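# Coordinates in review
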Amino acid sequence: MRLSKMHLKTLREAPTEAEIPSHVLLLRSGMIRKLASGIYGFMPLGWRSLRKIENIIREEMDNTGAQEILMSAIQPSELWEESGRWYAYGPELWRIKDRGGRDFCLGPTHEEIFTDIIRNDVSSYRQLPTTLYQIQTKYRDEARPRFGLMRSREFIMKDAYSFDKDRDGLDASYDSMYDAYSKIFTRCGLTFRPVEADTGAIGGKGSHEFTALSEVGESEIAYCESCDMAATVERAECRDDAPTPDSVEMLPMEEVHTPGTKTIEDVASFLKLDKSQTIKAILLEKYDEEGKVSDYVACFLRGDRELNMTKLVNALDIPEHAIAFADEEKMGSKTGAVGGFTGPTKLHDCIMVVDSELVGQKNLCAGACKEDHHIINVNYDRDYKGDIVADIKTLKEGDACPVCGAPIKHTRGIEVGQIFKLGTKYSEAMGATYKDDNQEDHPIVMGCYGIGVTRTLAAIVEQHHDDKGIIWPISVAPYHVIITLVKPDDDVQRRLAEELYEELQSEGVEVMLDDRDERPGVKFNDADLLGIPIRITVGKLAAEGYVEYKLRSEADKREVPKEVAIDETIELVKSGK
Ligand code: ATP
Ligand code: MG
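Numbers given to residues run from 1 along each chain, matching the order in which its sequence is written. Ligands are numbered from 1 and chains lettered from A, in the order in which they are written. Confidence filtering applies because this is a predicted model: local features only for residues at pLDDT of at least 70, side-chain atom pairs given and counted only at 80 or more, and all residues used for totals across whole chains, interfaces and linings. In computing side-chain values, all of the structure's heavy atoms are included and hydrogens and water are not.

### So, the overall build of the protein chain
Strands are runs of DSSP state E lasting at least two residues, helices are runs of H or I lasting at least four, and both sets are numbered from the N terminus onward. Per the secondary structure count, the protein chain includes 14 helices and 31 strands. Along the first, second and third principal axes, the C-alpha atoms of the protein chain reach 95 × 65 × 50 Å. Under the scheme applied here, a residue whose accessible area is under 20% of the maximum for its type counts as buried, over 50% as exposed, and between as partly exposed, the area being computed with a 1.4 Å probe on protein chains only. Each of the 577 residues in the protein chain was classed as buried or not, and the buried ones make up 52%. Here, residues are in contact when the closest pair of their heavy atoms is within 4.5 Å. Considering only contacts in the protein chain between residues 6 or more positions apart, those separated by 24 or more positions represent 70%.

And the structure:
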């Protein structure tokens, strides 16, 4: 492609709303174009890179035996009513009506649609296992679209669904997808880590997220250096501290005056206690399907712990959008809660969720449900009980690894893919069954597997850039080589550049020829910004048949004969790295 003919507009500055390097650079290099909040289009270079990612995904999916199809983005509400997700998916589901008032949504994911296909097409065990996938545009009306392609409202996803006879079959399908994902992200040039994950609104048991490591990532990962435990912080189990020894007696409860001590820090320092000797209360309200408050929820954890919202909604078995922090005043009049002084012994008319660790801890200090007062020597079972007792705490950095006990570390990453063992959640809800040898019906056992294709593009840029621009890995670069023609009106230079252009293209190398009538500095800056992996500069040395050869990832430049530049380019492009 000749740059003089190319539709390309690079920007000196990115709009101020772009906060992270990938967003800034994809906009500045003219690869993507914003249309509205969280809604982007792809310009020629961005679209080329995106299609390369898609093709890597396609090849690896096809290698597993999965078959590609394409379903509509528009989905009728009836299927979502059947699975129970028309309500459970919440406000992220982009709902639309047709002119007759019939409800549809723009698909955020396609479990219902694929289950519907299989329940219609599959009847016998002989037709299983089977895996279908698509690469398609998805819609989620995200509360906070941000970081460009990272969290957008319209994005491209690869979604695959496996259908097996039994759990063993599902395990095999899952493992084969796990391997394919590792190959895909490696080929895309990403440094990533598969970690155990929560199953969220998709449902089912057993899941991994593939996380591209990055400081700007929105996924927080807890991992252990002494064993191979690695999980999202949302999901990571937290080991309960050892119970107070039997030799310690439960002391009688006693109300104490603790003026102005509204926080755990305040009360601990006022009473000269460690935070771990206190009970923290967190108050929430739960909503019904109409969005009205249906219950109040009080969570209790040890004062040094933090609430894990994902674990809490799982324990309550409700979607995340059906709960929020409570309006304390309203809650107080119904339940006896007193802002800053709420404790478990006096609270009434609410769902009490108690962290499992509290059960074994004796003589703790908790709020007295009375302004400026606490109660000391509070003990589980004797003084209060939970409607639900579960691990609802966050595994923090330095906490004991739930597997081996060593101190936990945290790191951040971008979730580029997630795989789930769905089991029979959708097949049972929607009646997708097969008949075995004896003509008996069984629910089909499902898995689902997503990759954020557009988010992967952003993650690659996040991991491969410097202050001048993008540094594409060869495998996903929009073009492999850029030939910078220093003086387009110099016949010798132009002839050599044209020869290089033709010869490289005839070898299957993807070449950009910067034949624009621009100053060399502008051309070099654009080449760096666009991140084309190899730059061949044709300038003064053209008369001797020499060019300058430079890799975008390295500072070194070399003056080499044209033929050497061609050979090295071909070799590098073939290596695919
Ligand atoms: P997140 O936790 O980031 O909201 P998710 O877990 O809801 O994502 P999945 O349902 O697992 O997402 O979707 C599969 C993949 O689609 C994700 O791993 C991610 O790469 C991508 N994805 C999800 N939401 C978005 C979005 N708003 N913008 C871009 N990509 C997304
Ligand atoms: Mg996910």
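Still more ground to cover, so stick around.
### Remarks on the coordination of the magnesium ion (ligand 2)
Distances define the donors: N, O and S atoms within 2.8 Å of the metal qualify, as do those within 3.2 Å of Na, K or Ca. Water is excluded, so some sites may look unfinished. In the first shell of the magnesium ion (ligand 2), the protein supplies Glu415 (OE) and Gln418 (OE1), at 1.9 to 2.2 Å from the metal. The partly exposed category is assigned to glutamate 415, whose relative accessible area is 24%. By relative accessible area, glutamine 418 is classed as buried at 11%.

### What about the pairing of strand E1 (residues 32–36)?
Bridging between E1 and strand E2 (residues 39–42) involves 4 bridges; their strand directions are antiparallel. Bridge pairing links isoleucine 32 to phenylalanine 42 in E2. Here, a strand pair is defined by DSSP locating no fewer than two bridges between the strands. Between E1 and E2, which pair antiparallel and follow one another directly, the connecting turn spans 2 residues, one of which, glycine 38, has a positive phi of 70°.

### With respect to the sheet that holds strand E4 (residues 74–76)
Read across the sheet, 3 strands follow the order E4-E6-E5 without closing on themselves; strand pairing throughout is antiparallel. The outermost strands of the open sheet, each flanked by one partner alone, are E4 and strand E5 (94–97). Going from strand to strand, the sheet's axes swing by 40° on average, the running direction of each strand aside. The pairing of E5 with strand E6 (residues 103–106) spans 4 bridges and is antiparallel. Paired with lysine 97 across the strands is aspartate 103, a residue of E6. Every angle, taken between N-to-C directions, lies between 0 and 180 degrees, and every axis is a line fitted to C-alpha atoms, over only the stretch in contact when it is a helix.

### Description of the pattern of salt bridges
Whenever Lys or Arg places a side-chain nitrogen within 4 Å of a carboxyl oxygen from Asp or Glu, that contact is recorded as a salt bridge. If you walk through the whole model with that rule in mind, you get 47 salt bridges. Between glutamate 568 and arginine 558 there is a salt bridge; the shortest N-O distance is 2.6 Å. Placement of the pair is glutamate 568 in helix H14 (residues 562–575) and arginine 558 in strand E31 (residues 557–561), with a sequence separation of 10 residues. For glutamate 568, a relative accessible area of 26% puts it in the partly exposed group. Its relative accessible area of 38% is what places arginine 558 among the partly exposed residues. Residues joined in a network through salt bridges with shared partners are Asp241, Arg302, Asp304, Arg305, Glu357 and Asp399.

### So, the site of ligand 1
Taken together, 14 residues lie around ligand 1, and Arg140, Glu142, Arg151, Ser152 and Glu415 are the ones closest in. Within 3.5 Å is the distance limit for a polar contact, defined as a pair of N or O atoms, with the added protein rule that one can donate a hydrogen and the other accept it, and that residues adjacent in sequence qualify only through two side-chain atoms. Backbone polar atom of glycine 452 to an oxygen atom of ligand 1: 3.3 Å apart, as the coordinates give it. The fraction of the free accessible surface of ligand 1 (580 Å²) that becomes covered by protein chains is 85%. Looking at the shell around ligand 1, the elements with two or more residues in it are strand E8 (154–164) and strand E21 (409–423). Of all the elements, E21 adds the most residues to the shell around ligand 1, at 4 residues. A breakdown of the residues in the shell around ligand 1 according to their chemical character gives 5 nonpolar, 4 polar and 5 charged. Nearness is defined per residue: one heavy atom within 4 Å of the molecule or strand is enough. For the accessible areas, the method is Shrake-Rupley and the probe is 1.4 Å, while residue cover comes only from the protein chains on display. Polar here means any residue outside two lists: the nonpolar Ala, Val, Leu, Ile, Met, Phe, Trp, Tyr, Cys and Pro, and the charged Asp, Glu, Lys and Arg; Gly therefore counts as polar.

### Examining unusual backbone geometry
Cis geometry marks the peptide bond from leucine 128 to proline 129; its omega dihedral reads 0°. Relative to the elements of secondary structure, proline 129 occurs in the loop between helix H5 (111–121) and strand E7 (130–139). We note that aspartate 317 has phi near 55°; this positive angle belongs to a residue other than glycine. Relative to the helices and strands, aspartate 317 resides in the loop between helix H8 (309–316) and strand E16 (323–325). Despite not being glycine, aspartate 349 shows a phi value in the positive range, around 55°. Note on placement: aspartate 349 falls in the loop between helix H9 (328–335) and strand E17 (351–355). Since its relative accessible area comes to 64%, aspartate 349 is described here as exposed.

### Things to note about the packing of aromatic side chains
Aromatic pairing here means that ring centres of Phe, Tyr or Trp (its six-membered ring) are within 6.5 Å. Orientation follows from the plane angle: under 30 degrees is stacked, over 60 is edge-to-face, and everything else is tilted. This structure, assessed with the given rule, holds 12 aromatic pairs. Between the aromatic rings of tryptophan 80 and tyrosine 89, the centroid separation amounts to 5.7 Å while the plane-to-plane angle is 80°, which identifies the pairing as edge-to-face. For tryptophan 80, a relative accessible area of 0% puts it in the buried group. The buried category is assigned to tyrosine 89, whose relative accessible area is 9%. Seen from their ring centres, tyrosine 181 and phenylalanine 210 are 5.3 Å apart, and the 55° between their planes marks the pair as tilted. A residue pair is termed long-range when its members are at least 10 positions apart, and tyrosine 181 in helix H6 (residues 167–187) and phenylalanine 210 in strand E10 (residues 207–213) qualify at 29 residues. Under the relative-accessibility criterion, tyrosine 181 is labelled buried at 0%. With a relative accessible area of 0%, phenylalanine 210 lands in the buried category.

### Re the side chain of arginine 28
By the secondary structure assignment, arginine 28 is in helix H1 (residues 21–28). The charge count treats Lys and Arg as positive and Asp and Glu as negative. His and the chain ends do not count. Buried charge arginine 28 goes without a salt bridge, the closest partner of opposite sign being aspartate 526 at 6.8 Å. Apart from the residues lying within four places of it in its own chain, the contact partners of arginine 28 are Lys9, Thr10, Leu11, Arg12, Glu13, Ala14 and Leu529.

### As for the packing of helix H2 (residues 44–63) against H6
Relative orientation of the contacting elements H2 and H6 amounts to 150°, with a least axis distance of 9 Å. Of the possible angle classes, the one that applies to H2 and H6 is roughly antiparallel. When you trace H2 past H6, the crossing you get is right-handed. Packed against H2, whose contacting residues are Ile56, Ile57, Glu59, Glu60 and Met61, the element H6 presents Met177, Ala180, Tyr181, Lys183, Ile184 and Arg187 at the interface. Taken together, the residues of the contact of H2 with H6 sort by class into 7 nonpolar, no polar and 4 charged. Roughly parallel here means an angle under 35 degrees, roughly antiparallel means over 145, roughly perpendicular means 65 to 115, and every remaining angle is called oblique. Helix crossings get a hand from a simple test, with the near helix turned counterclockwise from the far one by less than a right angle marking a left-handed crossing and a clockwise turn marking a right-handed one.

### Structural notes on the environment of arginine 151
With respect to the helices and strands, the residue arginine 151 is situated in the loop between E7 and E8. As a C-alpha pair, arginine 151 and arginine 455 span 304 residues in sequence and 7.5 Å in three-dimensional space. A distance of 3.2 Å separates a polar atom in the side chain of arginine 151 from a polar atom in the side chain of glutamate 142.

### Some words on the packing of H1 against helix H11 (residues 453–463)
Two elements in contact, H1 and H11, have axes whose closest approach is 8 Å; the angle formed by their N-to-C orientations is 105°. In terms of orientation, H1 and H11 fall into the roughly perpendicular class. Contacts between H1 and H11 pair Pro21, Ser22, Leu25 and Leu26 from the former with Leu457, Ala458, Val461 and Glu462 from the latter. The residue makeup of the contact of H1 with H11, split by class, is 6 nonpolar, 1 polar and 1 charged.

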